[in-house]
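Residues per chain, in single letters:
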Amino acid sequence: MAVYFDFKVQPVYAGINSCMRWHNTHQLLAVATFSQTHGGSVNIYYDEGESLAEGTFQRSFPAMSLAWHPTKKILAIGWENGEILIWTEGEQVSQDLPGTHKAPVNVLEWGSSGSRLVSADSNGTVGVWKIDNRGRTGGSPQVKHDLDQDLTHIVFKPPPASDPGPDISQLAKAAVSGDESALDMFSWKKGKNNMKMQAGAVGDSNAFFVGGTKGGVFYVNDAGKVAPSFEADGPVERLLYYNDRNVLVTITNNLMMSQHTVSPEGSTKEIQKVKLSGKIDEPVFNWAGSGIVATATGETVIRMWDLANDDNYVLSIDGQVGYDPSETINCVAYCPEKETLAAGTSNGNMVTWKYSTTPVTSGKKPEGEELWMIQPPARLDGIITQIMWGSNKHLLAVNTVENVFILSQHVMSSHFNNQISVVQTGPCQLTIDNFSGGSVSHQELRTDIQVKGVYTTQEHIAVWNEKKLVVYELSSDSSLIKAAGNFNTESTVACVHQQNVYAIENGKVQVHTFQGTVKQLINLTELEGEPCTLDINGNYMVIGTALGVIKLYDLSRREAKPHCNPKVIADVVGHFGGILSAKCNCNGTKVSLTIRKSDGKVDPCLYVWDVELDTVQFFNFHSGCSDQDELDSLNMDQEGYAEEERGKIEAAKMIAGRCPKSHYWDPTENKLVVVEAEFVAEEVKDKNSRKNSLQQTGTMIISLFTTPENGIMLQDSFTMDGHHSSLMGLSVPFYFFVKKSSDVLDESQSEVPVTQRPQTSAPPGVPTMVSRRTMRDFVGLEGADKSTRDAMMNFSFYLTIGNMDDAFKAIKLIKSESVWENMAKMCVKTRRLDVATVCLGNMCHARGAKALREAAKEPELEVKVAVLAVQLGLNEDAERLLISCKRYDMLNDYYQASGQWTKALETAEMYDRIHLRTTYYNYAKHLEAKGEYKEAIPYFEKSETHRFEVPRMLFEDLQSLEGYIMKSKDKALRKWWAQYSESQGDMDTALQFYEAGQDYLSLVRVYCYCGNLEKAAEICNETGDRAACYHLARQHENQDQIKEAVHFFTRAQSYGNAIRLCKENEMEDQLMNLALLSNPQDMGEAARYYEEVPGCQDKAVMLYHKAGHFSKALELAFRTRQFGALQLISEDLDDKTDPELLQKCADFFLDNNQFDKAVDLLAKGRKYWEALNLCMKQHVAITEELCERLTPPKGVAENETEERNKVLEGIAEVCMQQRQYHIATKKFTQAGNKMKAMKALLKSGDTEKIVFFAGVSRQKEIYVMAANYLQSLDWRKDPDIMKSIIGFYTKGRALESLSSFYDACAQVEIDEFQNYEKAFGALSEAYKCMTKAKMKNQSQQEDKMANLKHRCGLIKKFLQARRVYDEDSDESIKQCQVLLEENELDSAIRVGDVYGFIIEHYAKKEKWKAAYSAMEEMRTKIPTVNMAYYINIRTIEAIHKALDIPLGRGIGAEKINGLRTTSPDEEVGEEVEEEVDDFIDSEV
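Conventions adopted
Numbers given to residues run from 1 along each chain, matching the order in which its sequence is written. Given that this is a predicted model, residues contribute local features only at a pLDDT of at least 70 and side-chain atom pairs are listed and counted only at 80 or more, while totals for whole chains, interfaces and linings are drawn from all residues. Hydrogens are left out, water is left out, and the side-chain values use all remaining heavy atoms of the structure. A run of DSSP states H or I qualifies as a helix once it reaches four residues; a run of E qualifies as a strand once it reaches two. Both are numbered from the N-terminal end. Computed with the Shrake-Rupley method and a 1.4 Å probe, the accessible areas treat only the protein chains shown as cover for residues. Two strands pair under a simple rule: DSSP has to find at least two bridges between them. Fitted lines through C-alpha atoms serve as axes, helices being fitted only where they are in contact, and the angles separating the N-to-C directions of these axes extend from 0 to 180 degrees. Remark: exposure states derive from per-residue accessible area (1.4 Å probe, protein chains only) relative to the maximum for the residue type, with buried under 20%, exposed over 50%, and partly exposed in between. Here a polar contact is taken to be a pair of N or O atoms separated by no more than 3.5 Å, where protein atoms must pair a possible hydrogen donor with a possible acceptor and residues adjacent in sequence count only if both atoms sit in side chains. Every residue pair with non-hydrogen atoms within 4.5 Å of one another is taken to be in contact. An angle below 35 degrees is treated as roughly parallel, one above 145 as roughly antiparallel, one from 65 to 115 as roughly perpendicular, and anything else as oblique. In this scheme the crossing of two helices becomes right-handed for a clockwise turn of the near helix relative to the far one and left-handed for an anticlockwise turn of less than a right angle. Gly counts as polar in this scheme, as do all residues outside two lists: the nonpolar Ala, Val, Leu, Ile, Met, Phe, Trp, Tyr, Cys and Pro, and the charged Asp, Glu, Lys and Arg. Buried residues of nine kinds, namely Ala, Val, Leu, Ile, Met, Phe, Trp, Tyr and Cys, make up a nonpolar core once their side-chain atoms join them within 4.5 Å. Multiplying one less than the number of residues by 1.5 Å gives the expected span of a helix. Note on ring pairs: Phe, Tyr and Trp rings are taken, using the six-membered ring of Trp, and paired if centres are within 6.5 Å. Classes follow the plane angle, with under 30 degrees stacked, over 60 edge-to-face and the rest tilted. Charge-over-ring contacts are defined here by two conditions on Lys NZ or Arg CZ: a distance within 6 Å of the ring centre and an angle within 35 degrees of the ring normal. What makes a salt bridge here is a side-chain nitrogen of Lys or Arg within 4 Å of a carboxyl oxygen of Asp or Glu, nothing more. Note that patches include only residues with greater than 30% relative accessible area and no salt bridge, and the join distances are 9 Å for like charges and 5 Å for nonpolar side chains (Val, Leu, Ile, Met, Phe, Trp, Tyr). Positive charges are assigned to Lys and Arg, negative charges to Asp and Glu, while His and the chain termini are left out of the count. Here the site of a charge means atom NZ of a Lys, CZ of an Arg, CG of an Asp or CD of a Glu.

Peer 1: Help me out: how do you make sense of the overall build of the chain in this one?
Peer 2: Each helix and strand in the chain was counted, giving 48 helices and 64 strands. Accessible surface for the chain amounts to roughly 71400 Å². Of this, 47% is attributable to carbon and sulfur atoms.

Peer 1: Looking at this structure, I do not really get the sheet that holds strand β11 (residues 116-121). What am I missing?
Peer 2: Strand pairing in a sheet takes place through backbone hydrogen bonds and is either antiparallel or parallel in direction. With respect to topology, four strands assemble into an open sheet ordered β10-β11-β12-β13, the strand pairing being antiparallel. Every other strand in the sheet has two partners, leaving β10 (105-110) and β13 (143-146) as the edge strands with one partner each. Along the sheet, successive strands turn relative to each other by an average axial angle of 15°, direction set aside. Note that β10 and β11 share five bridges and pair antiparallel. Across the sheet, residue Trp110 finds its bridge partner in β11, namely Leu117.

Peer 1: Help me out: how do you make sense of the side chain of Asn500 in this one?
Peer 2: For Asn500, the location among the structural elements is in strand β45 (residues 500-505). A relative accessible area of 7% places Asn500 in the buried class. Separated by 2.6 Å, the side chains of Asn500 and Lys519 make a polar contact. Ignoring sequence-local partners within four residues, the contact set of Asn500 consists of Cys495, Val511, His512, Phe514 and Lys519.

Peer 1: Just to check I follow, could you spell out the sheet that holds strand β43 (residues 481-488) for this structure?
Peer 2: Taken together, four strands build an open sheet; the order of strands is β40-β41-β42-β43 and the sheet is antiparallel. Edge strands, defined here as strands with exactly one partner in the open sheet, are β40 (453-456) and β43. Sheet twist, expressed as the mean angle between neighbouring strand axes with direction ignored, is 20°. Note that strand β41 (residues 460-464) and strand β42 (residues 468-474) share five bridges and pair antiparallel. From the neighbouring strand, Ile461 faces β42, where its bridge partner is Tyr472.

Peer 1: Could you clarify how one ought to interpret the packing of helix α9 (residues 833-843) against helix α10 (residues 846-854) in this entry?
Peer 2: The description of two helices packed together rests on the angle between their axes and the distance between the axes. Here α9 crosses α10 at 150°, and the two axes come no closer than 9 Å. With respect to α10, the axis of α9 lies roughly antiparallel. Note on packing geometry: the crossing formed by α9 with α10 is left-handed. Of α10, the residues touching α9 (which contributes Leu833, Thr837 and Leu840) are Gly848, Ala849 and Leu852. Classifying every residue of the contact of α9 with α10 by side-chain character gives four nonpolar, two polar and no charged.

Peer 1: Quick question: what am I supposed to make of the packing of helix α15 (residues 916-929) against helix α16 (residues 933-942) here?
Peer 2: Running from amino to carboxyl end, α15 crosses α16 at an angle of 165°, the nearest separation of the two axes being 8 Å. On the basis of their axis angle, the class for α15 and α16 is roughly antiparallel. In this structure, α15 crosses over α16, and the sense of that crossing is left-handed. Between α15 and α16, the contacting residues are Arg917, Tyr920, Tyr921, Tyr923, Ala924, Lys925, Leu927 and Glu928 on the first element and Tyr933, Glu935, Ala936, Tyr939, Phe940 and Lys942 on the second. Here the contact of α15 with α16 is built from residues that sort into nine nonpolar, no polar and five charged.

Peer 1: Just checking my understanding: could you explain the nonpolar core for this structure?
Peer 2: Side chains of a nonpolar character, in soluble globular proteins, are inclined to be buried together. Ile1355 and Ile1389 are the most contacted members of the largest nonpolar core, which totals 88 residues. When near neighbours in sequence (up to four residues on either side) are disregarded, Ile1389 contacts Tyr1316, Leu1354, Ile1355, Phe1358, Leu1379 and Val1394. Judged by nonpolar contacts, the second largest core, of 55 residues, contains Met720, Leu781, Phe797 and Tyr895.

Peer 1: Hey, could you run me through helix α45 (residues 1391-1404) in this one?
Peer 2: Helical geometry note: an α-helix holds 3.6 residues per turn, so side chains three or four residues apart project in the same direction. Given a rise of 1.5 Å per residue, 14 residues ought to cover 20 Å, and the 20 Å separating the end C-alpha atoms of α45 matches this to within 8%. With 13 of 14 residues buried, α45 lies mostly within the body of the structure. The positive-phi residue at the C-terminal boundary of α45 is Glu1406, with phi of around 60°.

Peer 1: Would you mind showing me how to read the environment of Asn43 here?
Peer 2: Mapped onto the elements of the fold, Asn43 is located in strand β4 (residues 39-45). Here the alpha-carbon distance between Asn43 and Met20, two residues 23 residues apart in the chain, equals 9.4 Å. Leave out the neighbours within four places in its chain, and Asn43 touches Pro11, Val12, Leu29, Ala30, Val31, Thr33, Gly55 and Thr56. Separated by 3.2 Å, the side chains of Asn43 and Thr56 make a polar contact.

Peer 1: Looking at this structure, I do not really get the packing of aromatic side chains. What am I missing?
Peer 2: The geometry of two aromatic rings is summed up by the distance between their centres and the angle between their planes. Counted according to the given criterion, the structure contains 31 aromatic pairs. For the ring pair Tyr607 and Phe618, a centre distance of 6.0 Å and an interplane angle of 50° mean the geometry is tilted. Pair noted here: Tyr607 is in strand β55 (residues 605-610) and Phe618 is in strand β56 (residues 615-620), with a separation of eleven residues, a long-range link. Connected via pairs of aromatic rings, a cluster forms that spans Phe416, Phe435, Phe734 and Phe736. Of note, Lys671 hangs over the ring of Phe797, and the distance from its end group to the ring centre comes to 5.0 Å.

Peer 1: Could you clarify how one ought to interpret the pattern of salt bridges in this entry?
Peer 2: Two side chains carrying opposite charge are able to pair once their charged atoms lie near each other. Counted by the stated rule, this structure contains 37 salt bridges. Among the salt bridges present, the one from Asp610 reaches Lys590, with a minimum N-O distance of 3.9 Å. Residue Asp610 is found in strand β55, and its partner Lys590 is found in strand β54 (residues 590-597); the two are separated by 20 residues along the sequence. Lys590 shares its class with Asp610; the two are buried. Among the salt bridges present, the one from Glu928 reaches Arg952, with a minimum N-O distance of 3.0 Å. On the criterion of sequence distance, the pair formed by Glu928 in helix α15 and Arg952 in helix α17 (residues 946-953) is long-range, its members being 24 residues apart. Through salt bridges with shared partners, a single ionic network connects Glu858, Glu860, Arg887 and Asp889.

Peer 1: How should I be thinking about unusual backbone geometry in this particular structure?
Peer 2: Following Val732, the chain continues into Pro733 via a peptide bond in cis, with omega recorded as 20°. Within the secondary structure, Pro733 is located in the loop between β62 (724-731) and β63 (734-739). Despite not being glycine, Asp614 has its phi angle at roughly 55°, a positive value. Inspection of the secondary structure assignment puts Asp614 in the loop between β55 and β56.

Peer 1: Mind showing me how you'd approach the environment of Glu928 here?
Peer 2: Judged by its relative accessible area of 15%, Glu928 is buried. C-alpha separation for the pair Glu928 and Met953, spaced 25 residues apart in sequence, amounts to 7.8 Å. A polar side-chain atom of Glu928 sits 3.0 Å from a polar atom in the side chain of Arg952.

Peer 1: Just to check I follow, could you spell out a negative patch on the surface for this structure?
Peer 2: A cluster of like negative charges, contributed by Asp310, Asp311, Glu367, Glu369 and Glu370, occupies part of the molecular surface. Structurally, Asp310 is set in the loop between β26 (301-306) and β27 (311-316). A residue is classified by how much of its surface remains accessible, and Asp310, at 60% relative accessible area, is exposed.

Peer 1: Can you help me understand helix α13 (residues 888-897) in this one?
Peer 2: Residues Tyr888, Leu891, Asn892, Tyr894, Tyr895 and Gln896 constitute the buried set of α13. In this structure, the buried residues of α13 make contact with α11 (861-871), α12 (875-884), α14 (901-910) and α15. Two residues or fewer past α13, Gly899 is found with a positive phi of approximately 80°.

Set out below in structure tokens:
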């Protein structure tokens, strides 16, 4: 709650105040005044109305415009004769700019950095001036333009966004070097304890838009060039720039508002144009928030235009308390820091609206006007024509033409002590209430000073205003107030104890008498810091310093003495930034304090210093937990916690998200402290995340118990009443609150009887500013004696810490039922249902005990506690608990039972949709009971019960019922009304509503009743409604109109009746068609009819077949020799058909040589061997489908399984005969004969399936068979086949075969690739396999092993000779020559390869004769040798050339195809990629 101090400015010369302007950063106000006697003048004033000595400027003509520099104390004044005066603080002479303007300078505006000043006059001249830091210009304007119209308004285009964090060091260097724009970017802001420099990324914007009376809007860019932007629809009244969307808003004097987007180059494009409402005379336009334009046009409302949401609404004073119905609003101003809109009225009222940012919890988006809360008005003398917020957010200048007032907003002072409350109600007005005794006495006090602070004791009241302090003395009953003394002081904090005044002055605490005499000085050292807070409770005073030191003094003696050693809070709290408030308890054992963090924000913790233990505890209101609680977070899983702990968690959730605003100790209870904690709205990062459902968003009052053993414990919490402004103290058993002034005014003007007003009210007709609320534990014990209060306090304490035994002991002597009721209510907080049961018994609350018993079956604890809360009248707690456990069904029921239908509907729509229709229905019944039938109808419709409920409800008012049905498009309702009309004999109305309700049966029925069968037939033919057609058919049948009856029975799909009529009337031509459309039963009836009619047996067979009577159809077909029909019928036979019938059909097909159909029928009849024999003899083609039919189903008995396997093998044999190898494989496999299955698959030649089948069969024989098959393929070029062969031989344990395969691989490597390394590896593997093999002929195995070993040795010698060639070529050749002497060399090594190696060596050494001799020796051993196959042709040519021997002599087969082009020792050919074990043995 705030009050405005008004300071009237004192001009040098009286006159009419035409305009005024606040400085943006300094508390300076410039006011332009004009009088006929003294001419025009401009005066500069401080924030309290004192005139600046050098701030008066006099001319014979009036000043037309004023403009302050953005940061410096430089004022620009535009005069009527075109002069511009620049005043700079500290300069002896003000500067007059050269005569650029010849007409009144109507507009003056500074650029964003203050380096440019733009001026415009009524002739259309625009000048741009460059101004230095001392307010001096270069002599002439930088830019000058003539726009040929009276210019009315200028708005600068904001600079482009830049880096928010510029380099401070670089900025400082630029500023020192003389860069004025860099210097202007520094903004110095002096704080309370330090000086901070804030670097803002503010660039200088020289581009601007200017508008004139002819509607022209022009753009002047940074270079000073002007260009027309667009033409408005009338004289431009105001230009506004919407920064968030880069939009220029133009408003003309005829209230046309247009919006233009602005490009970076300054070009504009119109996006919207609207006509505003209101009067045209002198409208005022101003921003009222981001994208919101406020308009005052001399009406009782302010019209708000929300450009962001394309919405509009009004803020009205009409009907508000304190305003005249004819009072109009003349001007508006908005303070963005406070989010407050101020307006001045024609009756001198200054009205304000506060924008509410409290989160909306109702689930519905609020309307625009609902977000603005009107505040109590401030009253001034005169008509307010102009208002303007100052640089300080608490300052407001008001112009009433004759006078200018500076309003300084001040939070109303209040204090409570010793049952005495003092509340400031006006700048000089106090209200005093004495709550001691049984009644409340009320007094008003008007002081001689404007009060900025107040302190009270039981005998005295002290008030001060930072200049003077006055002490008043109270009589014992507070009925008499007189001055006790006063003295001058600049103190902002003061306290009174006995006959002393303790005040903070000049960095120390001074103790004064009431007349100002200093009795004692309490000095603080430099290390302790200057005192900033002061408080007294009982005989103890606590002092807090700016450096975080707490000092406690004992005032019980003549002088204040230190009570204990000081405590440095800054050492305990790491983020300490300053003390906001410090208070001590009644016996000086504890000090509570709130602090400001180092970043300037309020710390959410309340810290408590235990003086005796010298420890600091805290309670965090952001999390709702104390430092000793073991709660990790508010979102922890509550499962696994005891009920008491869950109660703590829920309580913590409820109070979380807050910061302490004020705190007070009880004057007699040393462990009870109460805190006023306000909600702090935090930005939600996740848009999909939901707010904690337990969290209350209003200000809460939280009481705490503080003990060394248990820490800080939460005792109680509740949301502060909306009629209260703040908490001012407590004294058991009451909390004391300051009321909102608007509520006090409403109370004083209300006509509520005295008996219905709160007990704390003042005498009738006298409004009081203080309200008190009984503490939860003391309801019903307000007038109890001290011993009872102490017992209840002890009970509350023990209950808080969970000591139930001591809690019961504390109140065992109290017999009051209210005590047990309070205790039961506390059980809602503590969730102790066992204690609640005892309390309800002592209260004799039978209904509550029964409800609690019935609630025991609910699984959630919160539900049980909520039931208890409802029985005790704690509706808010019940609502909160049901929300916390998400039992929205019970919450919905609770809202309905309590008559809160809006909340019930919201809950059902958002969370309890399963009961949504029920909720709609119950609300409709509620409205019906109230007689609000019209309102009930929509909810009956939403519940979808309107078809019955609305006619029932309106049955007594048939006219309204008919009107409702006429408007409704519901077919059921129209049908109901038609039935009602028919019952009343009104057939025309009935026909009309039957038709509207599309009830064609009733329509036809009525027409038939009226004898209009033609109309009925027309309806049936058009709609095809089956029921209507059936009804009309019966009518025609009754009248023997058989043809028409058959037609409509057919339309109604009642084929049985149509067939019946056809049979009775021998209408065979229609009977067949109807029978085919009808069901099997009707088909059978028709078939029996045709069976007896000569020549119609074919139709009977067809109908029997269609009806599913195959045996009857076949019997009739055989009897009448209808073979074509017989074939059709046989196709639909299945295994469920009579076997004799299937055999009969099969015989028929055999007789007619249709063997495939005969086989199919035999298979259906399970004559499998007959079918197979028939397939063998008649070569019936086997298909997959036929095989499946021939496959017997799996039986349970063993003999059935054996027979089934025989049949399967028989099928497979037939498939083998017909070369259906895959099907044969499948059937052999199903029969369990995998060997035959593999043989069948081998015949198919499907390699992929053979490999797959061998892999899944897991039989040795099958592995060997698969490997043998794969060896028949071209395995040399396919590594996968080689891998499979080796794998299958290995798995099949066929090591002899595997050895032979490795031997073959070795021979391939020698013959095709001359790769003796791999050949040696393969032979080694062959030898290993042979050693492991188990052949029956042991001697044969040994011979093979010896042969393999011998061959391996020869290849190894050859490889060894080749390897040593690089080291000793002669030794290598000797080994090769020795190798040529070996027996059976050809079995392992090709002789040509050895000779080729020797010949290449001699050729390389140019031993041509030796080479030629080796060639001759090679021809001798290999007479038919192809020399070029073993030796490079170029080597052969070189030998012959060197010996001069013709190449053709004895060359043999050198010149055949396939000449070698590489030497034998070079690697040639492609290597076979091995995917199995490498053939090369490691020992080679």
